[in-house]
Amino acid sequence: VPFQPVGSLRAGGESRRWIMPWAVAAFVLMPLGLEAAALVPMSWGIDAVLLVAETVSAWPGAVVLMPPMPLAALCAAALGGLWICLWRGRVRWIGVPVFAAGLAGPALSTPPDILVGAEGRLVAVRDGTGAVYLSPGRGQRFEREMWLRHLGAHRSAGWPVSGAGPVGPLSCDGAGCVVRLKGQSLSLAFGLEAVTADCHRTNAMIVLVRAPRRLCSPDRVLLSTFHLWRDGGYAVRLGRDGYSAESVRERRGDRPWSRVPERKRQYLRTSPTSRP
């Protein structure tokens, strides 16, 4: 959300008062081939607007990232704004608190604590301070940027390297990581060694490697490569009372335009939707 003080807005307004007359003059002079006489001074005003924008955007706190607006908040903001615009008289001000409640929606929403990509190669962990840890690796640059914006973070915090001690809510080794948040402990298993070692040491597991079921009881596996194959990416929320996971498939629903291979679609129709 860009922030611009009144002074910079006033400077931009004065620059536009300079730009627009010269733009009109340029159109008038074009048939005569003399538009350069108007375009040159017009460019001075454009340079001034760009200078103001670059200066303000470089200030600390000029951009504030917030979580996405929930659907209810979006509807409240839209309805409140329409009420203010369509009605006249004092009754129009009834829409002000509705509109304000909609704008407050993102501040009251709680982003997920863990995001897992559909391929299992990208994982994001959000701690209690708002810092976001993205699993290392190359590629998926667009997805990484979208995840950071969705979680309201400017940049990714450093993911612990193998053998390092705890960094925020994470502690990792060569085979996986353990997330400790909100009184819960959850294992991110990237290797078979982590599946065996962490199965009975944490409350639940996210297994991101193909592993035999005998290595860990299905009751302790919150997500596995099978779930990611079946349902796409997942958002996990941790709490004092436990944890919950929502998949892309659950949020999207079974849509005609969803590109699911027919073989996989037939399997989904016959397989249970509950997670082990």
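Quick look at the structure, then. These numbers come from a predicted model, not from an experiment. (Residues numbered from 1 in each chain as written. Predicted model: local features only at pLDDT ≥ 70, side-chain atom pairs only at ≥ 80, totals over all residues. Heavy atoms only, no water.)

1. Regarding the overall build of the protein chain
Consideration 1: A tally of regular secondary structure across the protein chain gives 10 helices and 11 strands.
Consideration 2: Among the 276 residues that make up the protein chain, the fraction classed as buried is 36%.
Consideration 3: Sequence separation of 24 or more characterises 42% of the internal contacts of the protein chain that already satisfy a separation of 6 or more.
Consideration 4: In the form shown here, the protein chain has an accessible surface area of approximately 17,300 Å², with 62% of it arising from carbon and sulfur atoms. (Helix = DSSP H or I, 4+ residues; strand = E, 2+ residues; numbered from the N terminus. Buried < 20%, exposed > 50% of the residue type's maximum accessible area, 1.4 Å probe, protein only. Contact = heavy atoms within 4.5 Å. Areas by Shrake-Rupley, 256 points an atom, 1.4 Å probe, with all protein chains shown as cover.)

2. Let's talk about helix α2 (residues 36–57)
Consideration 1: The terminal C-alpha atoms of α2 lie 31 Å apart, and with 22 residues this matches the ideal 32 Å at 1.5 Å per residue to within 8%.
Consideration 2: Here α2 has its buried residues at Ala38, Pro41, Met42, Gly45 and Val56. The buried residues of α2 occupy an angular sector of 110° when projected down its axis, which confines them to one face. Exposed residues lying more than 90 degrees from the buried face of α2 are Ala37, Trp44, Leu51 and Glu54. (Expected span 1.5 Å × (residues − 1). Arc of directions from axis to C-beta.)

3. A word on the sheet that holds strand β11 (residues 242–247)
Consideration 1: With respect to topology, 6 strands assemble into an open sheet ordered β4-β3-β2-β1-β10-β11, the strand pairing being mixed. The sheet is open, and its two borders are formed by β4 (156–157) and β11, each paired with just one other strand.
Consideration 2: Together, β1 (114–116), β2 (123–126), β3 (132–134) and β4 form the strand contacts of helix α6 (residues 141–150), whose direction differs from that of β3 by roughly 165°. (Pairing = 2+ DSSP bridges. Axes fitted to C-alpha atoms, helices over the stretch in contact; angles between N-to-C directions.)

4. Quick notes on the layout of surface pockets
Consideration 1: Put simply, the largest pocket is a space of about 660 Å³.
Consideration 2: As for the largest pocket, its lining consists of 23 residues, and the residues nearest its centre are Pro112, Leu115, His150, Ala235 and Arg251.
Consideration 3: Elements with a minimum of two residues in the lining of the largest pocket: β1, α6, β10 (234–239), β11 and α9 (248–252).
Consideration 4: Here the residues of the lining of the largest pocket sort into 14 nonpolar, 5 polar and 4 charged.
Consideration 5: Estimates place the volume of the second largest pocket at around 460 Å³.
Consideration 6: Grouping the constituent residues of the lining of the second largest pocket by class yields 12 nonpolar, 3 polar and 2 charged. (1 Å grid on protein atoms, 1.4 Å probe; cavity = no way out; pocket = protein on both sides within 12 Å on 5 of 7 lines; lining within 4 Å. Points joined across faces, edges and corners; volume = space filled by probe spheres on them. Nonpolar A, V, L, I, M, F, W, Y, C, P; charged D, E, K, R; others polar.)

5. Regarding unusual backbone geometry
Consideration 1: Backbone geometry places Lys182, a non-glycine residue, at a positive phi of 55°.
Consideration 2: Its location among the elements puts Lys182 in the loop between β6 (176–181) and β7 (184–189).
Consideration 3: For Lys182, a relative accessible area of 34% corresponds to the partly exposed category.

6. Side note on the state of the cysteines
Consideration 1: With the rule as written, the count across this model stands at 2 disulfides.
Consideration 2: Residue pairing for Cys172: its cysteine sulfur links by disulfide to Cys177, the two sulfurs lying 2.0 Å apart. What sets the handedness of the Cys172 and Cys177 disulfide is the S-S torsion sign, and at about 105° it is right-handed. Each member of the pair, Cys172 as well as Cys177, is classed as buried. (Disulfide = S-S within 2.5 Å.)

7. Some remarks on the packing of helix α3 (residues 71–86) against helix α4 (residues 95–103)
Consideration 1: Look at α3 against α4: their axes get within 7 Å of each other, and the N-to-C directions meet at 150°. Judged on the interaxial angle alone, α4 and α3 are roughly antiparallel. Between α3 and α4 lies a crossing whose hand is left-handed. Mapping the contact onto sequence places Ala73, Ala76, Ala77, Gly80, Gly81, Trp83 and Ile84 in α3 and Gly95, Val96, Val98, Phe99 and Gly102 in α4.
Consideration 2: Considering only residue class, the contact of α3 with α4 consists of 8 nonpolar, 4 polar and no charged. (Parallel < 35°, antiparallel > 145°, perpendicular 65-115°, else oblique. Left-handed = near helix turned anticlockwise from the far one by under 90°.)

8. Brief notes about the pattern of salt bridges
Consideration 1: Inspection of every chain in the model, using the stated rule, returns 7 salt bridges.
Consideration 2: Across the pair Arg230 and Asp231 runs a salt bridge, and its minimum N-O distance is 3.2 Å. The burial state of Arg230 is the same as that of Asp231; both residues are buried.
Consideration 3: Across the pair Glu246 and Arg251 runs a salt bridge whose closest N-O atoms are separated by 3.0 Å.
Consideration 4: Assessed through its relative accessible area of 28%, Glu246 is described here as partly exposed.
Consideration 5: Here the salt bridges share partners, and the residues they tie into one network are Arg230, Asp231 and Arg249. (Salt bridge = Lys/Arg side-chain N within 4 Å of Asp/Glu carboxyl O.)

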